[in-house]
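Residue strings, one per chain:
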Amino acid sequence: YFCRHGERWELQLKGSGKTPYSRNGDGRAVLRSSVREFLCSEAMHYLRIPTSRAASLVVSDDDVWRDQFYNGNIKKERGAIVLRLAKSWFRIGSLEILAYSGELDLQRKLLDFIIQEHFPSIAVNDSNRYLEFFSRVVSDTANLIALWMAVGFAHGVCNTDNFSLLSITIDYGPFAFMESYDPNFVPNTSDDERRYKIGNQANVGLFNLSKLLQALKPLLDPRQKQLASRILEGYSEHYYTRFTELFKTKLGLLGENEDDNYLIAFLLKVSLLC
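Procedures and definitions
- Residues numbered from 1 in each chain as written.
- Predicted model: local features only at pLDDT ≥ 70, side-chain atom pairs only at ≥ 80, totals over all residues.
- Heavy atoms only, no water.
- Helix = DSSP H or I, 4+ residues; strand = E, 2+ residues; numbered from the N terminus.
- Rg over C-alpha atoms; globule rule 2.2 N^0.38 Å.
- Buried < 20%, exposed > 50% of the residue type's maximum accessible area, 1.4 Å probe, protein only.
- Contact = heavy atoms within 4.5 Å.
- Lys, Arg positive; Asp, Glu negative; His and termini not counted.
- Charge placed at Lys NZ, Arg CZ, Asp CG, Glu CD.
- Expected span 1.5 Å × (residues − 1).
- Polar contact = N/O pair within 3.5 Å; in protein donor to acceptor, adjacent residues only side chain to side chain.
- Core = buried A, V, L, I, M, F, W, Y, C linked by side-chain atoms within 4.5 Å.
- Domains from an automatic or database assignment.
- Phe/Tyr/Trp six-rings, centres within 6.5 Å; stacked < 30°, edge-to-face > 60°.
- Lys NZ or Arg CZ within 6 Å of the ring centre and 35° of its normal.
- Pairing = 2+ DSSP bridges.

Here we take up the overall build of the protein chain. On a plain count of helices and strands, the protein chain comes out with 8 helices and 7 strands. At 20 Å, the protein chain has a C-alpha radius of gyration in line with the 19 Å of a compact globule built from 274 residues. Summarising its shape, the C-alpha atoms of the protein chain cover approximately 55 × 55 × 40 Å along the three principal directions. Classification of the 274 residues of the protein chain by burial places 41% in the buried group. Considering only contacts within the protein chain whose residues lie at least 6 apart along the sequence, 62% involve residues at least 24 apart. For the protein chain, the separation between the mean place of its 33 positive charges and that of its 33 negative charges on side chains is 3 Å.

What follows is the structure, given as structure tokens:
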């Protein structure tokens, strides 16, 4: 942990080598992707989009072999290590894997820790704390993806292991910003099915939140399960409300008008045709 101005940040090294979670990878990172993560995470911070940040970048003398375009053309590249920071690195996948393994006591302990450390408005002894936690993650995730869409940011790999429980942007891999509006834009050359195209990010967010709910259900009573399902159903409204607010601000639209959504959709369609 790193404390600054009373805040606590978790430090993480990307590219330093194998860890117990590296699976079949080498745990290394190349210089080009490290520079991109450093620059983009700082850009996102100054765009006022919740994100992890980069504290330093160190170039390594080690060679790293990578197939950049996933076409079988493996090349030797310069290695690098990024020291990155976030208030927390816990992800939806962190709870999902515990639920899948049936480690409910450990899952409960982890949830209570996360709530106590990062959700101070939720009382850790409240019987509805997991329900309130889920409600916050649903609304904050909807807000985050709306912010991504407002600047044309495509994450590239929106699986549950890359979705933060604090709803911040983490794990900058094959991300990109659209140069012109295209809902089918995909920054990941290995995403042949276009699952993570930019126009599908909100839907993927809903899918990931449904996986979070599935992981939480063993810890909820029948009434709480029903309420959690209703909370999840409200995700789309949260997203479209925030999306509309952001685009109205970009367009300088004031007040409420029933034609606002039509105008936003029309202008996006015009930009697509251009």
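After that view of the structure, there is still more to cover.
A word on helix α5 (residues 201-216). The end-to-end C-alpha distance of α5 is 23 Å, a good match for the 22 Å that 16 residues give at a rise of 1.5 Å each. Where α5 is concerned, the buried positions are Q201, A202, V204, G205, N208, L209, L212, L213, A215 and L216.

Once that is clear, we can look at the side chain of E37. Looking at the element boundaries, E37 is found in helix α1 (residues 31-46). When its relative accessible area of 2% is taken as the criterion, E37 is described as buried. There is a polar contact of 2.8 Å between the side chain of E37 and the side chain of R84. When near neighbours in sequence (up to four residues on either side) are disregarded, E37 contacts K14, R84, Y172 and F175.

So, about the environment of I97. Summarising the element assignment, I97 is placed in helix α2 (residues 92-100). For I97, a relative accessible area of 54% translates into the label exposed.

All right, on to helix α7 (residues 235-251) then. End to end, α7 covers 24 Å across 17 residues, agreeing with the expected 24 Å (1.5 Å per residue, within 8%). Among the residues of α7, those classed as buried are Y235, Y239, F243, T244, L246, F247 and K248. Positive backbone phi, approximately 75 degrees, marks G252, located one or two places after α7.

So, on to unusual backbone geometry. In this structure, R48 takes a positive phi of about 65 degrees despite not being glycine. Examined against the element boundaries, R48 turns out to sit in the loop between α1 and β4 (53-66). The phi dihedral of R194 falls on the positive side, at around 55 degrees, and the residue is not glycine. Within the secondary structure, R194 sits in the loop between β7 (176-177) and α5.

With 58 residues, the main nonpolar core has F133, W148 and L212 as its most contacted residues. Tallying contributions element by element places helix α4 (residues 129-151) first for this core, with 14 residues. A domain split of this core shows at least three residues from each of domain 1 (10-86) and domain 2 (92-251). In this structure, L212 is in contact with I92, L95, F134, V137 and L165, ignoring residues within four places of it in sequence.

Within the structure shown, the criterion is met by 12 aromatic pairs. Judged by centre distance (5.1 Å) and plane angle (75 degrees), the ring pair of Y239 and Y240 falls under edge-to-face. Exposure remark for Y240: the relative accessible area of 53% places this residue in the exposed category. One aromatic cluster is present, formed by W148, F153, F163, Y172, F175 and F177 through successive ring pairs. The ring of W9 has K87 lying over it, and the distance from NZ or CZ to the ring centre is 5.1 Å. R195 extends its terminal NZ or CZ atom over the ring of F207, reaching a point 5.0 Å from the ring centre.

Glancing now at the pairing of strand β5 (residues 75-86). Where strand β2 (residues 7-14) meets β5, 5 bridges bridge the pair, whose relative direction is antiparallel. Bridged to L11 within β5 is L85. Where strand β3 (residues 29-30) meets β5, 2 bridges bridge the pair, whose relative direction is antiparallel. Within β5, the position partnered with A29 by the bridge is A80. Judged from the 10 bridges that link them, β4 and β5 form a sheet pairing that is antiparallel. Bridge pairing links S56 to L83 in β5.

Let's shift gears to the environment of S60. Within the secondary structure, S60 is located in strand β4. Placed 44 residues apart in sequence, S60 and S16 show a C-alpha to C-alpha distance of 9.3 Å. Once you skip the residues sitting within four places of it in the chain, S60 turns out to touch R28, R78, G79 and A80. A distance of 3.4 Å separates polar atoms of two side chains, one belonging to S60 and the other to R28.

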